[in-house]
Every structure is written in structure tokens, then in C-alpha cells.
Amino acid sequence: MSKPLEGIKIIDFTHVQAGPACTQLLAWFGADVIKVERPGAGDVTRSQLRHVKDADALYFTMLNSNKRSLTLDTKTAQGKEVLTKLIKESDVMVENFGPGALDRMGFTWEHIQELNPGMILASVKGFSEGHAYEDLKVYENVAQCAGGAASTTGFWDGPPTVSAAALGDSNTGMHLAIGILTALHQKTKNGKGQKVAVSMQDSVLNLCRVKLRDQQRLDALGYLEEYPQYPHGEFSDVVPRGGNAGGGGQPGWVLKCKGWETDPNAYIYFTIQGHAWAPICKALGKPEWIEDTAYNTAEARQDKIFDIFAFIESWLADKTKFEAIDILRKFDIPCAPVLSMKEIANDPSLRKSGTVVEVDHPKLGKYLTVGSPIKFSDVTVEITASPLLGQHTNEVLADLGYSQEEIVALHDAKAV
Ligand code: CAO
């Protein structure tokens, strides 16, 4: 069966995580993604945090599946010529170099458009064009700090905290993928290419919009009723860190279960949503709280919310997180176990859905990766191993019309 993006050719000039996450997604859906890498070295993540000698690191293999690899030194005259041919034949070029690197290579947006007016040039940068920090190179945690995530994550008595989720990298890559697909769709209407730019700061902020909501409510009211600081603590004039609070209209917290003293993940997340109050009381064996005016509204509960959580923890003390969920699910209560990465790696449901996939790599052997989180009724996403460095160089050059002699000459000149 043909894949939805079959026939779309993408020059993948990306490295590390933000760009590769984007192009990997497009490769899963059928695009021909040609990863362009410096000869001899390749993407820095091939060798970062290796656990098998001389084999590509998981950091690389988990972000570059389903792609082809072309080695090309784009700073040589011959390398520029190959890239020029590739640009003329491709639909999309994705890059996440440091600011100005593509221009310095001689491939400005103006030049790319001259070569191929239909080209979609998609870029990730740390900050958006014209931003006061536009010249900065940026990695994940830098973006989390600049995008408002770090100042609002963690506990009130601790420092700003970054998230383990790649809000700056993979999240930005997902935004870029949406931008590319939008530009491809527009091209079907007007036949024109365009530039698509996403900054890591903006992508983080897009996920932190509820915190910008809270800043405005705080400015107006001086307090935020759903934060643990209300009503007993103090607010300053900036959105505070709220620990594990729900952040929406439902108070929630991470609660200890049986075994928490030795198992760092023996916890569940418990949400006290308004309409779930009666079932919660029944599940906890506290039916008298259902009609009690000291408990039966969100406002009434707020000043004793931590006492309520403490009571739930006493109820959880003799139940594992899985036993607790099995009881609570019968009452339709929104909750989940806190899962460790080990539990996720072995979760039969995630394996069955193709969200955790085992892939065979010629040098690394079998490894786990995260498959497509997007499920289709009419598309099957098959995850294949990431390419070895330069695995497809000769094949891609031949596709571009180079003869065997010319390919040998490019190798001899160290251009590929
Ligand atoms: N052939 C020849 N030269 C190549 C090449 C190739 N195939 N591929 C890259 N290069 C060159 C670039 O042209 C650039 O050269 P100049 O600086 O001399 O013009 C050089 O390699 C370095 O590129 P870079 O600035 O992208 O790399 P870096 O390691 O210094 O910085 C990073 C890495 C990620 C901080 C930077 O690329 C960046 O800020 N990118 C934008 C934001 C981003 O995506 N960050 C997320 C990364 S995931 O955490």
C-alpha cells in the first residue's frame, strides 16, 4: 500500500534532536528523507552517549529511523554542486543549523528559490527572526528556560526546573512538521514554495499558554485559586511554581501508594474533578462527604485540599499503584499510575499499539524506540532502522544522474 507522503523528497540537513524528530515523522509517513551529513563524522548524536562500541548511539537511532544517509561536504565546490542538484529535485529542505550557517554555506533563501521556486525551506532556530536573541545557539533546556516552562515548573521552595520531556527539541520538531505539511498543502493550490520557520522558544511557549493565562489572572486578582499557595500561602506578582498541582480547573496531586518507601515510582496521579466528587467519596468509603457542605463544592474543598490528599494517601497505603487504579477505574475517577521507563518499555499495551517498537539495527542489534504516536485507520507506520553513515551515498548520487566514474571522483575528492 502506498504511503501518504510517498513521492515527497526531503533534504534532511538536521542534527541533534529538534530537526531529526521532524524529518523522522515525515519519513514514517512515506517521504523520501535524505539525511545529509558531514563525511567521516555525521550527526554528532551518532557518537554521543554510545553504549555499544563503534555502533551508532541510541540518541541517533531513535531519531533517524526510515531515512537514507548521504555524506556530503557542502563546503567543497563538488559538494555544493551535488547539493545544488539535490535542491533542484527536492520538495522540502529542513535544517536546524546555528543562525546564519546555511547562508555562510552559500545557500541563502534567495539562492534556493532561484534553484527551485517550489522549494519549502523549513528551519528551526532557538529564537525567531528579529528577536533580540536571534544570534544565539540553543539546546533543549535553554529553550525551556526562555519559553516560560522552567520558571513555572518545580516546587515553590526550589529553583526553576526543566522537564524531562523534550519541550524544546522534539516539540519544536512537531511544530515544524505541521508547518511543512501546511506549506505542502498550500503548494497544491498555488504551486509555490515558501519558508517555514519555527523557534524553540515559541514552541515551548505554545505549550505554556495556560501559564500566560495565569499571569493575567494573577495581575487582575492577586491570587490563583487552583495553586497550592491558595489560600494559606503567599503570591508574588509572577506565576509561581505549583509542584504537582493540576494547573487546570481540577486540583490534583501525585500521591504515595504501598511501597513508596523503596520504589521511587510507587505513586498515582489523582485528580479531584468536580463531577467525580461523589464517585471519589464512594471509592474512598466516605459517603458522608458527598452532601457535606464543608466538602461538596470545589471552593469548600480548596482550603483543605492537602488534608483530603492526605486522607487519600492513607486509603492508598495498603494498595499498590496498579491495585489502586483497578479500584478507582470502576468509579470512573480520572487517575493513572506513575510509570517508570522500565514499566513503559515492557508495557504490553504500548507494544500492541506500536507506540513502543523493537527495531533491528545491523550494528547495534535490537533496540526499542518510540513508534508513531499518531494512529491512522488507513496508514500502517512501519519503523525501520536508522541508516549507517553514508549508507545511501552512492545510491542517492546515482539517482541524481552521476555516473560510476563521477561517483568515484567525488569520493576521491572527499566531497562525499
Ligand atoms: N558539510 C560541511 N559543513 C557542514 C555540514 C556539511 N555536511 N553540516 C554542517 N556543517 C557546518 C555548518 O555549515 C557550520 O559551519 P559554520 O559555522 O562554519 O558556518 C558548522 O557545521 C556548525 O554548524 P552548527 O552551528 O549548526 O553546529 P554547532 O554544533 O556549533 O551548534 C546547535 C549546534 C544545535 C547549538 C546549533 O546548530 C543551533 O543552535 N541550531 C538551531 C537550534 C536547534 O535546532 N537546537 C536544537 C538542537 S537539539 O538540542
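What you are looking at is a predicted structure, and each value in this text was computed from that prediction instead of being measured. (Residues numbered from 1 in each chain as written. Predicted model: local features only at pLDDT ≥ 70, side-chain atom pairs only at ≥ 80, totals over all residues. Heavy atoms only, no water.)

> Would you take a moment to explain the overall build of the protein for this structure?
A tally of regular secondary structure across the protein gives 17 helices and eleven strands. Dimensions along the principal axes, computed over C-alpha positions, put the protein at roughly 85 × 45 × 40 Å. Taking all 416 residues of the protein together, 46% fall into the buried category. Summed over all atoms, the accessible surface of the protein reaches about 20,900 Å², with 54% contributed by carbon and sulfur. Placing the 42 positive and 52 negative side-chain charges of the protein at their respective mean positions leaves the two points 3 Å apart. (Helix = DSSP H or I, 4+ residues; strand = E, 2+ residues; numbered from the N terminus. Buried < 20%, exposed > 50% of the residue type's maximum accessible area, 1.4 Å probe, protein only. Areas by Shrake-Rupley, 256 points an atom, 1.4 Å probe, with all protein chains shown as cover. Lys, Arg positive; Asp, Glu negative; His and termini not counted. Charge placed at Lys NZ, Arg CZ, Asp CG, Glu CD.)

> Just to check I follow, could you spell out the sheet that holds strand β1 (residues 9-13) for this structure?
Strand pairing in a sheet is mediated by backbone hydrogen bonds. Such pairs are either parallel or antiparallel. The six strands lie next to each other as β3-β2-β1-β4-β5-β6, forming an open sheet whose pairing is parallel. Edge positions in the sheet fall to β3 (68-71) and β6 (195-199), since each has one partner strand and no second. Each adjacent strand pair in this sheet contributes to an overall mean axis angle of 20°, direction not counted. Pairing between β1 and strand β4 (residues 92-95): four bridges, direction parallel. Along β4, the bridge assignment pairs D12 with V94. In the packing of helix α8 (residues 200-207) onto the sheet, contacts are made with β5 (120-125) and β6, and the angle to β6 comes to roughly 65°. (Pairing = 2+ DSSP bridges. Axes fitted to C-alpha atoms, helices over the stretch in contact; angles between N-to-C directions. Contact = heavy atoms within 4.5 Å.)

> It is not clear to me how the pattern of salt bridges should be interpreted in this structure. Could you clarify?
Proximity of charged atoms lets side chains of opposite charge pair with each other. Within the structure shown, the criterion is met by 21 salt bridges. Close ionic contact of E226 with R213 constitutes a salt bridge, the shortest N to O distance being 3.8 Å. Of the two residues, E226 is situated in the loop between α9 (209-221) and β7 (252-256) and R213 in helix α9; the sequence distance between them amounts to 13 residues. The salt bridge involving E226 is made with R217; its shortest N-O contact spans 2.9 Å. A relative accessible area of 14% means that E226 is categorised as buried. (Salt bridge = Lys/Arg side-chain N within 4 Å of Asp/Glu carboxyl O.)

> Teacher, can you tell me more about the sheet that holds β7 here?
The strand order β7-β8-β9 describes an open sheet built from three strands, whose pairing is antiparallel. The open sheet has two edge strands with one neighbour each: β7 and β9 (335-337). When strand polarity is set aside, the average angle formed by the axes of neighbouring strands in this sheet is 20°. Direction of pairing for strand β8 (residues 267-271) relative to β9: antiparallel, over a ladder of three bridges.

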